[in-house]
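# A look at the structure
Each chain, written out:
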Amino acid sequence: MDERYDPGAVESKWQHFWEKTNLFKVKEDPHKKKYYLLEMFPYPSGNIHMGHVRNYTIGDVVARYKRMQGYSVLHPMGWDAFGMPAENAAIANNSHPAQWTYQNIDTMRSQLKQLGFSYDWDRELATCSPEYYRWEQWLFLKMYEKGMAYRKESFVNWCEHCQTVLANEQVESGLCWRCGEQVRQKKLQQWFFRITDFADDLLSYCEKLPGWPDKVITMQKNWIGKSSGAEIRFPVENSNEQIAVFTTRQDTVFGATFMCLAPEHPMVLELAKGTPRQGDVAAFVNRISMQDRSLKAVEDYEKEGVFTGSYCINPLSGMRMPIYTANFALMEYGTGAVMSVPAHDQRDFEFARKYGLDIIVVVKPYHDDLEAGTMTEAYTGEGIMVNSGRFNGIDSVKALDEIAAYLERKGFGEKTTSFRLRDWGISRQRYWGAPIPMIYCHRCGVVPVPEADLPILLPEDANLLEGGKSPLPALEYFAKTVCPVCGGSDARRETDTMDTFVESSWYFERYCSPACNTAMFDQRAVDYWMPVDQYIGGVEHAILHLLYSRYYTRVLKEFGLVKYREPFTRLLTQGMVCKETVSCSEHGFLLPEEAEGTGADRICKKCGREAVVGRVEKMSKSKKNVIDPNVLLEKYGADTTRLFCLFAAPPERDLEWSEQGVEGGYRFLNRVWRLALNWMDLIREARPFNGSPDQLSGESRDLFKKIHETIKKVTTDIEDRYHFNTAISAVMELVNTMYGIESAEQSALKIELVRLAVESVALLLSPIVPHFAEELWEALGFESSILLASWPTYRKDALVKDEHLIVVQVNGKLRSRFHIDSDADDDAVKKMALSDEKVLKFIDDRPIKKIIIVKRKLVNVVV
RNA sequence: GCGAGAGUGGCGGAACUGGUAGACGCACUGGACUUAGGAUCCAGCUCUGGGAACAGAGUGGGAGUUCAAAUCUCCCCUCUCGCACCA
């Protein structure tokens, strides 16, 4: 142990030691309880950012803690390596996505190693490697066989200028991000996974995930969006056709006065055919279908529609209802058709007023009147049925069931449920992804690639095209192939690749046996390790990634590959890392190092103008409020960085970055270092105190109690709540107490006690600041890693207090306090309280009504 | 609009099932050691009045339950996040 704490030296020393001794390597160990701790793997974008640092620090603390508790801990790391940024970077630098990706992986791996995370690096995987994605292709074939993967036409964002498909985030207010061209909707044949088959299951199991944050559960439930109602068929006038609608308000059928179809609804053009409306309808449909979907999400998106020229008949009221096509009717939801009840649905109400359509009240509020003519908004509540024939007079809630039953009897419809969740479209018209293993033959149609031909390798020598268009269709040696069924030589491969969410839906299983080359994973390894006991990541993945993973796991279960259906037992979503923004009128947002001074004197280094401190926001490159982890590692080291990430806020909350806070963390480590150094010569050869509290008195006894209280506090804070911030402050308190111990007066007992205290501090801090703790541990004379030591346990008898502080209230207000022996009974406490001068003063001779005594805590005298 | 979460000193945050509000840290102030200190150690630090003892107020605002409320109930305000024409 050096005189001075030098984080650079300490950290590289221990990182080498860990590497050399293979300390983080794990194998299935049937004699130990397993614990699978997983953090969401990163996209290899180039550098680790503070969000990663926080996420992985939290995970590492839990992993190391569990390991010291005796668990066999799986703690892996890898790379979510397919995706668009690699393509964009490759185009910009005229290089290749693979090269860019693997370079980034190298940089980021070394950054993670510098942070001292306890990953078993032998299990590292990159999803862009054929050894990984071949199994994804394999499962795709299995899913295709079972009809779980299918092809259908679907819309994509299309830029005519770039001749390419755009992801939603590449569409900026309806325009292409790259060239500014108007984005259009184009219909393409695409592959889908039938996630909707599991909609009910995914929803009902939300209740069986008690280890997940409520927030995420709610988001998942809303996303699945189950609603129960009825499907009702409306016959089209002068036709044999019927229009099916889905409604949750079958009680209002008698109030349905018109019909709205989605513009893409297959019947729209047919209904308009031969009517004077034909031209208008075609123009409308054409215009709306060109519109970008993101535009439709805008708040004031104007509701509009056109009459198709045809009518349908309300099966219950017999009313002749005009059929419209309207831009707010969504083809993806329900049946793509809406029965419009303007009196009881706000949207329908507005539409009816706009186009002068009939409004009929069928549900009357219990204690109010309702007139169609004078309504200013739709009444969506419950009430008494009116204008509804045989159902008049009954409660609308009851009518829901009765009308559904009636419709069923008459054959007009039936009860049903509808989901917001749609099937998972996995086709991406992109290069940097896993090829979908399918072949199109002129004679045999859609043909799966034979299993023996897997993997279908992504060609590595493709040149990326400006604009982002996939080079695969033009690569003849890839795209052109032989039909595996008829042997025809003019078959073509599917050139779309898979959504990268597919890779991230099973990487946690792959970690269990990352080198397995005979299957997706080794069954025994997965049986041992899975499910993940604790998953940690950002809330931004609360819906898609987690839902897809839950779905994919169910698919694996259907194939008998796994035994469980939920992959993640506990989930922690950590908060964002935030920092104040700083900007100047000349240069806009400033990087932290581009401004100097504090408060009102802060100025922009570039122009000398005043630099204004803005809101605290999530760290982002665009706002320039970022801290580079490299700079922190350089200046303070990994341990301080980790310590601050944990100390500044509990993990689920947002963390506000503070340079001074980091300093504080650094100061604390130095404080511990000096303390240990001061005592080291005395305690190095000593044994830690292992006696009972009865042997001690005075400050020794207090220290002994403090040590055990701290062990208890840190253990429960980590174990029960992941509140590392309070765990750290408990250790700080212990250290403060130790600073009060006089080192001049020595005794054998005291030295043993200080030895125990220093050991405890090292052990309790070791998951948090592992390099620092190793150094301390070594200085104490231990020869093996502190990670191999057991987590400390506390003595119950050390926590017993001899006396307690009793606070005395008079009428609920704190008036006095005193200490009393723990074994004092209520009467003694009462006597003490009532003989207290201050208490008597506040009682002021008023009669005592009541005395409340809370054992060992409080007395409240009510007068 | 719907849903979820949050609001505590100058700041980040503590306070487990109602029972000493403000642990711990930052900032600030004073002292010690020092040629010097942005190092370190010690002390103070919610607000108001007071030299102090002490008293009063105080957990976004308002009501309520209770001997006792940051904590429970109702209403309101503000902020953050998610969903948002879902029929």
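Nothing here was measured: the structure is a model prediction, and the numbers come from that model. (Residues numbered from 1 in each chain as written. Chains lettered and ligands numbered in written order. Predicted model: local features only at pLDDT ≥ 70, side-chain atom pairs only at ≥ 80, totals over all residues. Heavy atoms only, no water.)

## Looking at the pattern of salt bridges
Condition: A side-chain nitrogen of Lys or Arg and a carboxyl oxygen of Asp or Glu constitute a salt bridge if their distance falls within 4 Å. Throughout, exposure labels follow a simple rule: accessible area from a 1.4 Å probe, protein chains only, divided by the maximum for the residue type, with under 20% read as buried, over 50% as exposed, and the rest as partly exposed. Segments assigned H or I by DSSP are reported as helices when at least four residues long, segments assigned E as strands when at least two residues long, and all are numbered from the N terminus.
Under the defined criterion, the tally for this structure stands at 47 salt bridges. Measuring nitrogen to oxygen at the nearest pair gives 4.0 Å for the salt bridge that ties Asp-348 to Arg-347. In this structure Asp-348 comes out as buried when scored by relative accessible area, which is 2%. Between Glu-759 and Arg-755 there is a salt bridge, and its shortest N-O distance comes to 2.9 Å. With a gap of four residues between them, Glu-759 and Arg-755 both fall in helix H23 (residues 748–765), about one helical turn apart. The buried category is assigned to Arg-755, whose relative accessible area is 4%. A single salt-bridge network, built from bridges that share partners, covers Asp-201, Arg-550, Arg-554, Arg-565 and Glu-566.

## Some thoughts on the side chain of Asn-725
The condition that has to hold: Contact criterion: two residues are considered in contact whenever any of their non-hydrogen atoms come within 4.5 Å of each other.
Along the chain, the position of Asn-725 falls in helix H22 (residues 724–739). Residues in contact with Asn-725, not counting those within four places in the same chain, are Leu-646, Phe-647, Ala-649 and Pro-650.

## Description of empty space enclosed by the protein
This is how the line gets drawn: Both site types are read off a 1 Å grid over the protein atoms alone. A 1.4 Å probe that fits but cannot get out defines a cavity, while an open set with protein on both sides within 12 Å along at least five of seven lines defines a pocket; lining residues have an atom within 4 Å of a point. Grid points are joined across faces, edges and corners, and a volume is the space filled by probe spheres set on the points. Three categories are distinguished: nonpolar for Ala, Val, Leu, Ile, Met, Phe, Trp, Tyr, Cys and Pro, charged for Asp, Glu, Lys and Arg, and polar for the others, with Gly belonging to the last.
The full count for this structure, using the stated rule, is two cavities of 30 Å³ or more. If one sorts the elements of the lining of the largest cavity by residue count, helix H2 (residues 50–68) sits on top with three residues. Partitioning the lining of the largest cavity into residue classes produces five nonpolar, two polar and three charged. Taken as a whole, the second largest cavity spans an internal volume of roughly 30 Å³.

## Observations concerning the packing of helix H20 (residues 659–683) against H22
This is how the line gets drawn: To obtain an axis, a line is fitted to C-alpha atoms, over the contacting stretch when the element is a helix, and the angle between two such axes runs from 0 to 180 degrees between their N-to-C directions. When describing relative orientation, an angle under 35 degrees is termed roughly parallel and one over 145 degrees roughly antiparallel, while 65 to 115 degrees is termed roughly perpendicular and anything else oblique. Less than a right angle of anticlockwise turn of the near helix away from the far helix marks a crossing as left-handed, whereas a clockwise turn marks it as right-handed.
Across the interface, H20 lies against H22 with an axial gap of 11 Å and an inter-helix angle of 40 degrees. As judged from the angle between their axes, H20 and H22 are oblique. Pair H20 / H22 crosses with left-handed handedness. Two secondary-structure elements touch here, H20 through Phe-668, Arg-671, Val-672, Arg-674 and Leu-675 and H22 through Val-731, Met-732, Val-735, Asn-736, Met-738 and Tyr-739. Considered class by class, the residues forming the contact of H20 with H22 number eight nonpolar, one polar and two charged.

## Some details on the sheet that holds strand E9 (residues 242–247)
To be explicit about the condition: Here the rule is simple: two strands pair whenever DSSP picks up at least two bridges between them.
Spatial strand order, E9-E8-E16: three strands in an open sheet with antiparallel pairing. What marks the edges here is a single partner per strand, and that holds for E9 and strand E16 (413–419). Each adjacent strand pair in this sheet contributes to an overall mean axis angle of 35 degrees, direction not counted. Bridging between strand E8 (residues 226–235) and E16 involves seven bridges; their strand directions are antiparallel. Bridged to Lys-226 within E16 is Phe-419.

## Observations regarding the sheet that holds strand E3 (residues 149–159)
Sheet architecture is open: four strands sit in the order E4-E3-E7-E17, paired in antiparallel fashion. Of all the strands in the sheet, just strand E4 (164–166) and strand E17 (424–425) have a single pairing partner and so form its edges. Pairing analysis gives two bridges linking strand E7 (residues 184–193) to E17, with the strands arranged antiparallel. Bridged to Phe-192 within E17 is Gly-425. The sheet strands contacting helix H5 (residues 130–145) are E3 and E7, and the helix crosses E7 at an angle near 90 degrees.

## Description of the layout of surface pockets
A volume near 740 Å³ is recorded for the second largest pocket. As for the second largest pocket, its lining consists of 26 residues, of which Lys-579, Glu-580, Pro-592, Ile-627 and Glu-659 are closest to the centre. Broken down by secondary-structure element, the contributors of at least two residues to the lining of the second largest pocket are strand E26 (577–584), strand E28 (595–596), helix H18 (629–635) and H20. Grouping the constituent residues of the lining of the second largest pocket by class yields eleven nonpolar, five polar and ten charged.

## Describing helix H17 (residues 544–558)
Definition in use: Helix span, expected: 1.5 Å multiplied by one less than the number of residues in the helix.
Over its 15 residues, H17 runs 21 Å from end to end, which matches the ideal 21 Å to within 8%, given 1.5 Å per residue. Burial in H17 covers these residues: His-545, Leu-546, Leu-547, Tyr-548, Ser-549, Arg-550, Tyr-551, Tyr-552, Thr-553, Arg-554, Val-555 and Leu-556. Directly beyond the C-terminal end of H17, a positive phi value near 75 degrees is found at Gly-560.

## Structural notes on the confidence of the model for chain A
In plain terms, the rule: Values of pLDDT, which run from 0 to 100, indicate the predictor's confidence residue by residue.
Per-residue confidence for chain A gives a mean pLDDT of 90, with 97% of residues at or over 70. As a predicted assembly, this complex carries a pTM of 0.93 together with an ipTM value of 0.94.

## Quick word on the packing of H22 against H23
Any two packed helices are characterised by how steeply their axes cross, that is the angle between the axes, and by the distance between the axes. Where H22 contacts H23, the axes come no closer than 11 Å and their chain directions differ by 155 degrees. Our classification of the angle between H22 and H23 gives roughly antiparallel. Crossing of H22 against H23: the hand is left-handed. Residues Val-731, Leu-734, Val-735 and Met-738 of H22 lie in contact with H23, whose contacting residues are Val-754, Ala-757, Val-758, Val-761, Leu-764 and Leu-765.

## Quick look at the environment of Glu-593
By the secondary structure assignment, Glu-593 is in the loop between strand E27 (588–590) and E28. The spatial distance from the C-alpha of Glu-593 to the C-alpha of Lys-605 is 8.5 Å, given a sequence separation of twelve residues.

## Considering unusual backbone geometry
Outside of glycine, negative phi angles account for most residues, and trans bonds account for most peptide bonds. With omega at -5 degrees, the peptide bond leading from Leu-454 into Pro-455 counts as cis. Its place among the elements puts Pro-455 in the loop between strand E20 (445–448) and helix H13 (476–479). The residue after Met-530, namely Pro-531, is reached through a cis peptide bond having omega -5 degrees. Of note, the phi angle at Asn-22 is positive, near 50 degrees, even though the residue is not glycine. By the element assignment, Asn-22 lies in the loop between helix H1 (7–20) and strand E1 (34–39). Asn-22 sits in the partly exposed class, given a relative accessible area of 45%.

## So, the packing of aromatic side chains
The test is simple: In this scheme Phe, Tyr and Trp rings, the latter by its six-membered ring, pair at centre separations within 6.5 Å, and the angle between planes marks the pair as stacked below 30 degrees, edge-to-face above 60, and tilted otherwise. Note on geometry: a ring has a charge over it if NZ (lysine) or CZ (arginine) is within 6 Å of the ring centre and within 35 degrees of the ring normal.
Inspection of every chain in the model, using the stated rule, returns 49 aromatic pairs. Consider the rings of Phe-82 and Trp-432, whose centres lie 5.0 Å apart with planes at 80 degrees: the pair is edge-to-face. Of this pair, Phe-82 sits in the loop between strand E2 (72–74) and helix H3 (84–93) while Trp-432 is found in the loop between strand E18 (427–428) and strand E19 (438–441), placing the two residues 350 residues apart along the sequence. Accessibility expressed as a relative area gives 2% for Phe-82, which makes it buried. Measuring from centroid to centroid gives 5.4 Å for Tyr-636 and Tyr-666, while their planes differ by 70 degrees, and the two rings are edge-to-face. Taken together, the residues Tyr-636 in the loop between H18 and helix H19 (638–647) and Tyr-666 in helix H20 connect sequence positions 30 residues apart. With a relative accessible area of 3%, Tyr-636 lands in the buried category. Through pairs of rings, three or more aromatic residues link up here, namely Phe-140, Tyr-144, Trp-191, Phe-193, Phe-198, Trp-424, Phe-501, Tyr-548 and Tyr-551. If you follow Arg-815 out to its NZ or CZ, it ends over the ring of Phe-842, 3.7 Å from the centre.

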